[in-house]
Amino acid sequence: MSASRSETTSALGPDEPDREGAGLEDSAPVPGSELLAALLDGMDAALCAFDAGGTITHWNREAERILGWSSEEAVGRHGFAGWAVRTADAEEVQGRLMAAMVAPGRQVHEFALLRKDGGRVLVRTQSARVLGADGKPAGVYCAFSEVHAQIDLERSIALSEALFDDASWGVVLVDVDLRPTVVNGYAARALGAGRTSPLGRPLGELVVQGVEELEGALHHVLAEGAPRGLADLWVTLGTAQGERRRCWRSGFLRLASPLAEEPVPLGVGWLFHDVTESKLAEQEADRLRFRSSQLHRAGRTAAECEDPMEAATAYLDFALAGFADHALIDLVEPDGERLIRAAATPSGAPGPCVPVADGGFPVRYPPGHPALQAADRNGSVRASAPAPAAATGDWGADRQWPRDAVHALCAVLRSRGRTLGVVTFLRGTSRPAFERADAMYAESVAVLAAASLDLALLTEE
């Protein structure tokens, strides 16, 4: 076709205007037999055809690859007897194939055929009748492939359907634009959406926080391939009940087209499993081990302190690690009505908790202050600044605390049945609010510190 187009253009000459479609008009069409041969040879499945009398009329390259017989050797033979099928089986095989001429639809069979080298191969065939111009059966075509290849294909399809149906892992297929194209049942429930609503939407509409890490992992897979191991990704999802923070153990697969000569990325297969509960349990166990170790180290350090007040502040120094930003000790004055600041960490840069010299003046705590509530209740009190006050720093300053304090935990100091004072732990904006487990840890620290403070008060007396 290209040669005809080139010759026609040359005949026009440089000054003669070209005719619209001249190349197409002058080029000769591809003959129907050549086009049919090209189509048959380009098929992925082996194909042969029989006329009404059972003589082979067509034989493509895939059939030659599987059985070893060329088209010249196969076309014109009557059936498979004596060359592609054992003589004992030839009549049965031929009869089942030609039976498709009188049966509507496709007929599926499995046969053992012979290769040219004498080996046997089990094939699965699909045969159907071919109708002539008069509408009557004129022959049969038969497409076949090796059974193991067919079984592999069926297994792949079955695996895909099982994964995309309701597997125990979430499966999401994303395209090269990082938009979901397939979401299975597990993934839909994890995302808090249906099977179809996430399709084609940006991941940022589904994940409130953590989408940057997720998209970064997907980009890496598209560019460089899948990593060897699994990755734990923390994400925050927006739901009707509020935001939920989840941990998904994720694996990634780069998807490439098997039909292209060079691998062309089609997207990424993202498989994940929700491991939030186990990760939280691991974190809690690690936290408990660390806090127990800190209390053990604090006890050994306090035992070496000659000054009981120094021993009390040592407990707070060890407790601050990974727990809070500031710590304060307020002792009940002799009349038992007000609190006096006894020790504190620096209000600016982090530092150790040290005794303060304020002349014994009471701290100007307003009524209802969390420290006063803890002393009155003989228990722990947690408090956090509302969002507007947390931004200005007025909340901490109004309560005689450092301005960066937005979360507080006050635990009572008791020894020998008496309330000695209150220990206060403070957190800044970079830390979350205190929880019940934090209050229990603060109470454990307060018990140890109270014993040293009681000894310090007895020494002063």
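Here, every reference points to the structure presented above.
This one's a predicted model, so the numbers in the text were calculated from it and none came from an experiment.

1. Re the overall build of the protein chain
Thinking step 1. Along the backbone of the protein chain there are 15 helices and 17 strands.
Thinking step 2. Reported as C-alpha extents along the three principal axes, the dimensions of the protein chain are approximately 120 × 75 × 40 Å.
Thinking step 3. Counting the 461 residues in the protein chain, one finds 39% classified as buried.
Thinking step 4. Taking contacts inside the protein chain between residues at least 6 apart in sequence as the whole, the part at least 24 apart equals 48%.
Thinking step 5. Entry remark: accessible area of the protein chain is about 25400 Å², with carbon and sulfur atoms responsible for 54%.
Thinking step 6. Charge-centre separation for the protein chain: the mean point of 44 positive side chains lies 6 Å from the mean point of 64 negative side chains.

2. Description of unusual backbone geometry
Thinking step 1. Despite not being glycine, Leu 178 shows a phi value in the positive range, around 65°.
Thinking step 2. Structurally, the position occupied by Leu 178 is in the loop between strand E6 (170-174) and strand E7 (180-183).
Thinking step 3. Leu 178 sits in the buried class, given a relative accessible area of 5%.
Thinking step 4. Phi is positive for Arg 416, close to 50°, though the residue is something other than glycine.
Thinking step 5. You can see Arg 416 is positioned in the loop between strand E16 (407-415) and strand E17 (418-427).

3. Thoughts on the nonpolar core
Thinking step 1. Within the largest apolar cluster, 34 residues are counted, with the highest numbers of intra-cluster contacts made by Leu 316, Phe 323, Ile 329, Leu 413, Val 423, Phe 425 and Leu 453.
Thinking step 2. Looking at this core, the elements with two or more residues in it are helix H10 (276-303), helix H11 (308-320), strand E12 (326-332), strand E13 (339-344), E16, E17 and helix H15 (436-460).
Thinking step 3. Every residue in contact with Phe 323, bar those within four places of it in the chain, is listed here: Arg 291, Leu 409, Phe 425, Arg 427, Arg 431, Phe 434, Asp 438, Tyr 441 and Ala 442.
Thinking step 4. Grouped together as the second largest cluster of nonpolar side chains are 27 residues, Cys 48, Trp 59, Trp 83 and Ala 84 included.

4. Thoughts on the pattern of salt bridges
Thinking step 1. Scanning the model with the defined rule gives 24 salt bridges in all.
Thinking step 2. As a salt-bridge pair, Asp 232 and Lys 279 come within 3.4 Å of each other at their nearest N and O atoms. Taken together, the positions of Asp 232 in strand E9 (residues 231-239) and Lys 279 in helix H10 put the pair 47 residues apart, joining distant regions of the chain.
Thinking step 3. The exposure class assigned to Lys 279 is buried, which follows from its relative accessible area of 17%.
Thinking step 4. Among the salt bridges present, the one from Arg 341 reaches Asp 330, with a minimum N-O distance of 2.6 Å. In this pair, Arg 341 sits in strand E13 while Asp 330 sits in strand E12, placing the two residues eleven residues apart along the sequence. For the pair Arg 341 and Asp 330, a shared accessibility class is recorded, and that class is buried.

5. Side note on the sheet that holds strand E8 (residues 207-209)
Thinking step 1. What the six strands build is an open sheet, ordered E7-E6-E11-E10-E9-E8; its pairing is antiparallel. Two strands in the sheet have a free side with no partner beyond their single neighbour: E7 and E8. Between one strand axis and the next, the sheet turns through 40° on average, direction left out of account.
Thinking step 2. With five bridges joining them, E6 and strand E11 (residues 265-274) adopt antiparallel strand pairing. The partner of Val 171 across the bridge, within E11, is Leu 271.
Thinking step 3. Along the sheet face, helix H9 (residues 211-224) touches E6, E8, E9, strand E10 (242-256) and E11 and points at about 5° away from the line of E10.

6. Observations concerning the sheet that holds strand E3 (residues 107-114)
Thinking step 1. Read across the sheet, five strands follow the order E2-E1-E5-E4-E3 without closing on themselves; strand pairing throughout is antiparallel. Of all strands in the sheet, those with a lone pairing partner are strand E2 (56-59) and E3, marking the two edges. In this sheet, neighbouring strand axes are inclined to one another by 30° on average, regardless of whether the strands run parallel or antiparallel.
Thinking step 2. For strand E4 (residues 120-131) and strand E5 (residues 137-146), the ladder comprises nine bridges, and the chain directions are antiparallel. For Leu 131, the partnering residue across the bridge sits in E5 and is Pro 137.
Thinking step 3. Of the strands in this sheet, E3, E4 and E5 are in contact with helix H7 (residues 147-166), which crosses E5 at around 75°.

7. Some points on the pairing of E6
Thinking step 1. With respect to burial, E6 is a largely interior element, five of its five residues being buried.
Thinking step 2. On E6, burial covers both faces: Gly 170, Val 172 and Val 174 on one face and Val 171 and Leu 173 on the other are all buried.
Thinking step 3. As paired elements, E6 and E7 share three bridges and run antiparallel to each other. The residue of E7 that forms the bridge with Leu 173 is Val 182.
Thinking step 4. In textbook terms, the turn of a hairpin is the stretch between consecutive antiparallel strands, and for E6 and E7 this stretch comprises five residues, one of which, Leu 178, has a positive phi near 65°.

8. Section: the packing of H10 against H11
Thinking step 1. Between H10 and H11, the least distance of the axes is 9 Å, while the angle of their chain directions is 155°. On the basis of the axis angle, H10 is roughly antiparallel to H11. For the crossing formed where H10 meets H11, the hand is right-handed. Two secondary-structure elements touch here, H10 through Gln 294, Arg 297, Ala 298, Gly 299, Thr 301 and Ala 302 and H11 through Ala 311, Ala 314, Tyr 315 and Phe 318.
Thinking step 2. Classifying every residue of the contact of H10 with H11 by side-chain character gives six nonpolar, three polar and one charged.

9. Details of the side chain of Asn 60
Thinking step 1. Tracing the chain through its elements places Asn 60 in the loop between E2 and helix H4 (61-67).
Thinking step 2. There is a polar contact of 3.0 Å between the side chain of Asn 60 and the backbone oxygen of Ala 45.
Thinking step 3. Here Leu 47 takes part through its backbone nitrogen, which lies 3.0 Å from a polar atom of the side chain of Asn 60.
Thinking step 4. Filtering out sequence-adjacent residues up to four positions away, Asn 60 remains in contact with Leu 40, Asp 41, Met 43, Ala 45, Ala 46 and Leu 47.

10. A word on the packing of aromatic side chains
Thinking step 1. What the rule picks out here adds up to 14 aromatic pairs.
Thinking step 2. Taken together, a centroid distance of 5.5 Å and an interplanar angle of 70° make the contact between Phe 50 and Phe 80 edge-to-face. Placement of Phe 50 in strand E1 (residues 46-51) and of Phe 80 in the loop between helix H5 (71-74) and helix H6 (87-98) is noted, with a sequence separation of 30 residues between them. With respect to class, Phe 50 is no different from Phe 80; both count as buried.
Thinking step 3. Where Trp 59 meets Phe 144, the ring centres are 6.5 Å apart and the plane angle is 50°; that geometry is what we call tilted.

Rules used throughout
Residues numbered from 1 in each chain as written. Predicted model: local features only at pLDDT ≥ 70, side-chain atom pairs only at ≥ 80, totals over all residues. Heavy atoms only, no water. Helix = DSSP H or I, 4+ residues; strand = E, 2+ residues; numbered from the N terminus. Buried < 20%, exposed > 50% of the residue type's maximum accessible area, 1.4 Å probe, protein only. Contact = heavy atoms within 4.5 Å. Areas by Shrake-Rupley, 256 points an atom, 1.4 Å probe, with all protein chains shown as cover. Lys, Arg positive; Asp, Glu negative; His and termini not counted. Charge placed at Lys NZ, Arg CZ, Asp CG, Glu CD. Core = buried A, V, L, I, M, F, W, Y, C linked by side-chain atoms within 4.5 Å. Salt bridge = Lys/Arg side-chain N within 4 Å of Asp/Glu carboxyl O. Pairing = 2+ DSSP bridges. Axes fitted to C-alpha atoms, helices over the stretch in contact; angles between N-to-C directions. Parallel < 35°, antiparallel > 145°, perpendicular 65-115°, else oblique. Left-handed = near helix turned anticlockwise from the far one by under 90°. Nonpolar A, V, L, I, M, F, W, Y, C, P; charged D, E, K, R; others polar. Polar contact = N/O pair within 3.5 Å; in protein donor to acceptor, adjacent residues only side chain to side chain. Phe/Tyr/Trp six-rings, centres within 6.5 Å; stacked < 30°, edge-to-face > 60°.

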